[in-house]
Amino acid sequence: MVKEIQDGINRQIRDEFFAAYSYLGMMAYFESKSLSGFGHWMRLQAQEELAHAMRLVDFLIDRGSEVELDAIESPRLDFKEMEEKLRPLEVMKIALAHEQKVTGMINDLYALSVKHNDYPAQVLMQWFVAEQVEEEKAAGEIVDQLQLADGDVSALFVIDGRLSERAEVPEDDESA
Ligand code: FEO
C-alpha cells in the first residue's frame, strides 16, 4: 500500500477514536440530564465509532501495513454556554456537523484510493461512503425532530423514548 493511503487511514483511525470520545462526552451530558434515551443512543454511537476504527486497523494489518496510533484529542465539550432549553438540539447539531466532516474525510480517502489504483482500499472506502449516508441521516433526523419540538419538553421526552429503542448492533454484524 502506498504511504499516502496508509497515512490517511491511520489519520482516520485516530478520528474514529476521537468520534467515539466525543459521543462518550455527549452520552455523559445526556445521562446527567436524565435523558437516558439520548444517552443510550450516544453510547451505541460511541461503540459504532470504535467498530469503525477497528475495521480500519484490521485492514492495515491484513495488508501488512503499519498501524500508527496517534494521540486522541480531548473533545472539550462544554455545553454550559448553550441555552438550557435548546441544549439537546445544539448537542445534536455538533454530532451532525461532525458526521458531515467525517463524510468529507472518507470521500478524500476514497479519491486517494482511486488515484493510486488501490482496489482493496476502494472497496473498504465504499463501505464507509455508504455508512456515512446512514450516519448523517440518523443524526440529521434527530436534529430535525428537535427543531420541530422547538424546546417543548413533552416533545423532548417523546424523542428520548424513541431513541431509547435504538437496537445494539451484534458484534459480528458486517454492516456495523
Ligand atoms: Fe465513523 Fe460516525 O462515522
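Quick look at the structure, then. Predicted model, so just to flag it, every value in this text is computed and none were measured. (Residues numbered from 1 in each chain as written. Predicted model: local features only at pLDDT ≥ 70, side-chain atom pairs only at ≥ 80, totals over all residues. Heavy atoms only, no water.)

## Comments concerning the packing of aromatic side chains
Line of reasoning, step 1. All told, the structure shown has four aromatic pairs when counted by the stated rule.
Line of reasoning, step 2. Both rings, one in Trp127 and one in Phe128, keep their centres 4.9 Å apart while their planes meet at 85 degrees; by these two values the pair is edge-to-face.
Line of reasoning, step 3. Accessibility expressed as a relative area gives 0% for Phe128, which makes it buried.
Line of reasoning, step 4. One aromatic cluster is present, formed by Tyr29, Phe30, Phe38 and Phe79 through successive ring pairs.
Line of reasoning, step 5. It is Arg55 that lies over the ring of Trp127; its NZ or CZ is 3.7 Å from the centre.
Line of reasoning, step 6. Directly above the aromatic system of Trp41 lies the positively charged group of Arg166, at a separation of 4.8 Å from the ring centroid. (Phe/Tyr/Trp six-rings, centres within 6.5 Å; stacked < 30°, edge-to-face > 60°. Buried < 20%, exposed > 50% of the residue type's maximum accessible area, 1.4 Å probe, protein only. Lys NZ or Arg CZ within 6 Å of the ring centre and 35° of its normal.)

## Concerning helix 1 (residues 3-32)
Line of reasoning, step 1. Along its 30 residues, helix 1 runs 44 Å from first to last C-alpha, staying within 8% of the 44 Å computed at 1.5 Å per residue.
Line of reasoning, step 2. Where helix 1 ends, the next residue or the one after it, Ser34, has phi of about 60 degrees, a positive value. (Helix = DSSP H or I, 4+ residues; strand = E, 2+ residues; numbered from the N terminus. Expected span 1.5 Å × (residues − 1).)

## Considerations on the packing of helix 4 (residues 119-149) against helix 5 (residues 153-163)
Line of reasoning, step 1. At a minimum axis separation of 9 Å, helix 4 and helix 5 run at an interaxial angle of 160 degrees. When the interaxial angle is binned, helix 4 and helix 5 end up roughly antiparallel. Crossing hand, helix 4 versus helix 5: right-handed. Where helix 4 approaches helix 5, its residues Ile142, Gln145, Leu146 and Ala149 are matched on the opposing element by Ala155, Leu156, Ile159, Arg162 and Leu163. (Axes fitted to C-alpha atoms, helices over the stretch in contact; angles between N-to-C directions. Parallel < 35°, antiparallel > 145°, perpendicular 65-115°, else oblique. Left-handed = near helix turned anticlockwise from the far one by under 90°. Contact = heavy atoms within 4.5 Å.)

## Examining unusual backbone geometry
Line of reasoning, step 1. Even without a glycine there, the phi angle at Ser34 is positive, about 60 degrees.
Line of reasoning, step 2. Assignment of secondary structure puts Ser34 in the loop between helix 1 and helix 2 (36-62).
Line of reasoning, step 3. In this model, Asp150 sits at a positive phi of 50 degrees, which is unusual for a non-glycine residue.
Line of reasoning, step 4. As for its position among the elements, Asp150 is in the loop between helix 4 and helix 5.

## Some thoughts on the pattern of salt bridges
Line of reasoning, step 1. On inspection of all chains with the given rule, the structure shows six salt bridges.
Line of reasoning, step 2. Note that Lys115 is salt-bridged to Glu4, the shortest N-O span being 3.4 Å. On the criterion of sequence distance, the pair formed by Lys115 in helix 3 (residues 87-115) and Glu4 in helix 1 is long-range, its members being 111 residues apart.
Line of reasoning, step 3. Lys115 gets classed as exposed once you look at its relative accessible area, which sits at 56%.
Line of reasoning, step 4. Each of the salt bridges in this network shares a partner with another, and the network as a whole consists of Arg14, Asp15 and Asp70. (Salt bridge = Lys/Arg side-chain N within 4 Å of Asp/Glu carboxyl O.)

## A look at the nonpolar core
Line of reasoning, step 1. Ranked by size, the top nonpolar core spans 26 residues in total, and within it Phe38, Met42, Met92 and Leu146 carry the most contacts.
Line of reasoning, step 2. Taken together, the elements giving at least two residues each to this core come down to helix 1, helix 2, helix 3, helix 4 and helix 5.
Line of reasoning, step 3. Among the elements that take part in this core, helix 1 stands out by supplying six residues, more than any other.
Line of reasoning, step 4. When near neighbours in sequence (up to four residues on either side) are disregarded, Met92 contacts Phe38, Trp41, Met42, Ala139, Ile142, Val143 and Leu146.
Line of reasoning, step 5. Counting 16 residues, the second largest nonpolar core, distinct from the first, contains Ile13, Val102, Leu112 and Met125. (Core = buried A, V, L, I, M, F, W, Y, C linked by side-chain atoms within 4.5 Å.)

## Structural notes on the side chain of Glu48
Line of reasoning, step 1. Residue placement: Glu48 occurs in helix 2.
Line of reasoning, step 2. The exposure class assigned to Glu48 is buried, which follows from its relative accessible area of 11%.
Line of reasoning, step 3. Residues contacting Glu48, with those up to four places away along its chain left out, are Glu131, Glu135, Arg166 and Val169.

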